[in-house]
Amino acid sequence: MNRSPLAARVGMAAFLAVAAAFFLLPLYVMLVTSLKPLDELRAGALFAWPLAPTLAPWRTAWSEACTGVACEGVRAGFMNSLAIAVPSTLLAVGLGALNGYALALWRVRGANWLFGLLMVGAFVPGQVMLYPLVRALGTLGLVGSLPGIVLVHVVFSMPLMTLLFRNWYASLPTELFNAARIDGAGFWGVWTRVLLPMSAPMLGVAAIMQVTGVWNDYLLGLVFAGHDFAPMTVQLNNLINTSTGTRQYNVDMAATLLTSLVPLVVYFGSGRWFVRGITAGALKG
Amino acid sequence: MAAVSLQQLRVNLGGREVIPGLSLDIAEGEFLVLLGPSGCGKSTLLHAVAGLTDIAAGRILIGGDDVTAADPATRNIGMVFQSYALYPSMSVEKNLSFGLRVRRLPRAEIARRVHDAAALLQLTDLLQRRPAALSGGQRQRVAIGRALVRDARVYLFDEPLSNLDASLRATLRRELKLLHRRLGATMIYVTHDQIEAMTLATRIAVMKDGVLQQVGTPDEVYSRPANLFVAGFLGAPPMNFLAGMLATGDNGPRFVAAGLDLALDRAAVSRDALVAGRAVLLGVRPEHVRLDERGALMARISLAEPTGAHQVISLEWRGGVLQALDTTQPPLSEGSEVRCTLDIARASLFDAASGTRL
Ligand SMILES: Nc1ncnc2c1ncn2[C@@H]1O[C@H](COP(=O)(O)OP(=O)(O)O)[C@@H](O)[C@H]1O
Ligand SMILES: [Mg+2]
């Protein structure tokens, strides 16, 4: 009972430090490994700082390493992931916001049913839908194409995006919606002129979630993107599994870090935004 | 500017009948105040007039046009909300002009109307600010301005002053009254504040549980309340009620209660209603309890509540407690014994069973 606040604070700090080390240590090992030449790796000393730091593994990973037959690094995968993530994010966020808006504020016929179905969709594991989706897209001739993989990402994100935006719009004061309608704005006018401009925090959060989700996806990319549009995660896997003599751990690490760069940058660059968006629901009006 | 006619309006919300059939005619240029306690359905009624709530039955006419099924956008109304509901991402100027821009008015016309409304409501210096940078009173003026620029046929106000502090409320109340005089527009104003209702209205409609109790000028509603609810809802301190019986005396009908026997010959009641033996409530407003040395009613002042201009005194007598106004100087002190009379000519009589006015 008599623990002093100081002891509590020290304990808390120690706990946080251990927790941080737990997550940061592997990252540190990856980073130093990716900067070491191969012979230095053979010496062991996992945690040691590189004696002769080099960016060569990064260059190799980016543009020379073999990912199967081709040896062009993960660069092509990066471009593919970009080509997939940008339209997938714009479409998913836009449609999710529109869905959420319609469900939250307009008396859409059967809105509750629709919303219930979407929620069921959110909890059904994606793997269950994989085979039917492959068949469906196959009939449409979309397997292995950019529109195909984008469509799949958008469809899979709809439940969560709709839920996010429905709750966001439901948390806004209804009088705002009523005022806009009395001022003469219709379905699109209310949304685009009044509600979207005040949805920036939610749009930001949704975009971050979608970008990182799409970027980190492996399964859908593997199944639906085909060879020409294989995302970076798939290429990374190929790179690591393509054995050409000795395992180049430094290149593997560099390629892995390169692959996770976009989500990392998004998180670090938008941390404040992210928090603001999550707490914004509490600041009504 | 237009007259509004509500005919047999019925509104259900969440499976509950909030307004079970309401008819009301509002003349052109009238300032009608809808007065009632919280939750009685005032906002619901206003939303129905605006087209924001679907109605189950009935008709709504604005300026003679049947708008029952019309979209809010086409009803040409202006509305001011309790929470102001200003668009947070727009400047005051954009807030004011929003409805005009949506309706694609010519740019010069928009500028002229915004300028006029801003001048009228002293908002000219604030035009470039965002709502977040305004005080409560300023926000409410912007909300009023946003309704006014529209040149609507009828203006609806939903408790527009209830979020403001007392002095600001009084100021804006006066401004609203002057505004109505100046524009001569039809206004429907919802409030649970009887002072607002009394000071602003040309007519007051008192509402309870979705049902209109009485519609009349402030004086009618205050002086001749139609039933016990209206009598009790208007007036602060509230009307005194004395339970008793009607009787017949030598000089006409009388009101008899424990320790009290009053002649009703001067009462403003039709003689036919004064049937001996009928159980009634006598309603006397505090200002009509007269301190009078020759009065028949003897009482002790059990509590004195000074308000500055006068004091409200609680008079304890055999039959209970009466509240009265004491305007004497120096004011009477607690504990003193006084005599008083009740001004029967200005009192109200209610049937004890039904609560309606005789
Ligand atoms: N969406 C709704 N669903 C069900 N009941 C509602 C809804 N909105 C309001 N009510 C009920 O209708 C009644 C009238 O509400 P309202 O018109 O807002 O009252 P007022 O404005 O007079 O305070 C209240 O009892 C309230 O609980
Ligand atoms: Mg209300």
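Here the structure is shown first, and the text comes after it.
Residues numbered from 1 in each chain as written. Chains lettered and ligands numbered in written order. Predicted model: local features only at pLDDT ≥ 70, side-chain atom pairs only at ≥ 80, totals over all residues. Heavy atoms only, no water.

(A) Representation of the packing of helix α12 (residues 232-241) of chain A against helix α13 (residues 249-259) of chain A in the model. Residue and element names in this part refer to chain A. One can describe the packing of α12 onto α13 by two numbers: an axis separation of 10 Å at closest approach and a directional angle of 175 degrees. On the basis of the axis angle, α12 is roughly antiparallel to α13. Every residue of α13 that contacts α12 at M232, T233, L236, L239 and I240 is listed here: V251, D252, A255, T256, L258 and T259. Its residues assigned to classes, the contact of α12 with α13 comprises seven nonpolar, three polar and one charged. (Axes fitted to C-alpha atoms, helices over the stretch in contact; angles between N-to-C directions. Helix = DSSP H or I, 4+ residues; strand = E, 2+ residues; numbered from the N terminus. Parallel < 35°, antiparallel > 145°, perpendicular 65-115°, else oblique. Contact = heavy atoms within 4.5 Å. Nonpolar A, V, L, I, M, F, W, Y, C, P; charged D, E, K, R; others polar.)

(B) The arrangement of the site of ligand 1 in detail. All names here are of chain B. Inspection of the region around ligand 1 gives L13, G14, R16, V18, P37, S38, G39, C40, G41, K42, S43 and T44 as its neighbouring residues. Taking K42, its main chain carries an N or O atom lying 2.8 Å from an oxygen atom of ligand 1. Mapped by element, the contributors of at least two residues to the shell around ligand 1 are β2 (16-26) and α1 (42-50). Looking at the shell around ligand 1 element by element, the count peaks at three residues for α1. Class assignment of the residues belonging to the shell around ligand 1 gives a composition of four nonpolar, six polar and two charged. (Near = heavy atom within 4 Å. Polar contact = N/O pair within 3.5 Å; in protein donor to acceptor, adjacent residues only side chain to side chain.)

(C) Structural detail: the layout of surface pockets. Residue and element names in this part refer to chain A. Estimated volume of the largest pocket: approximately 480 Å³. H153, F156, S157, L160 and Q210 are, among the 19 residues lining the largest pocket, the residues nearest its centre. Looking at the lining of the largest pocket, the elements with two or more residues in it are α5 (111-123), α7 (146-171), α10 (200-216) and α11 (219-224). Top element by residues in the lining of the largest pocket is α7. It accounts for seven residues. The class makeup of the residues in the lining of the largest pocket is 13 nonpolar, five polar and one charged. Quantified by volume, the second largest pocket comes out at close to 390 Å³. Lining the second largest pocket we find 17 residues, and of these A104, L105, R107, T174 and F177 sit closest to its centre. Only α4 (75-105), α5, α7 and α8 (174-182) provide two or more residues apiece to the lining of the second largest pocket. Residue contributions to the lining of the second largest pocket peak at four residues, all from α8. In terms of residue class, the lining of the second largest pocket is built from 10 nonpolar, four polar and three charged. (1 Å grid on protein atoms, 1.4 Å probe; cavity = no way out; pocket = protein on both sides within 12 Å on 5 of 7 lines; lining within 4 Å. Points joined across faces, edges and corners; volume = space filled by probe spheres on them.)

Function cannot be read off these values alone, since they describe shape.
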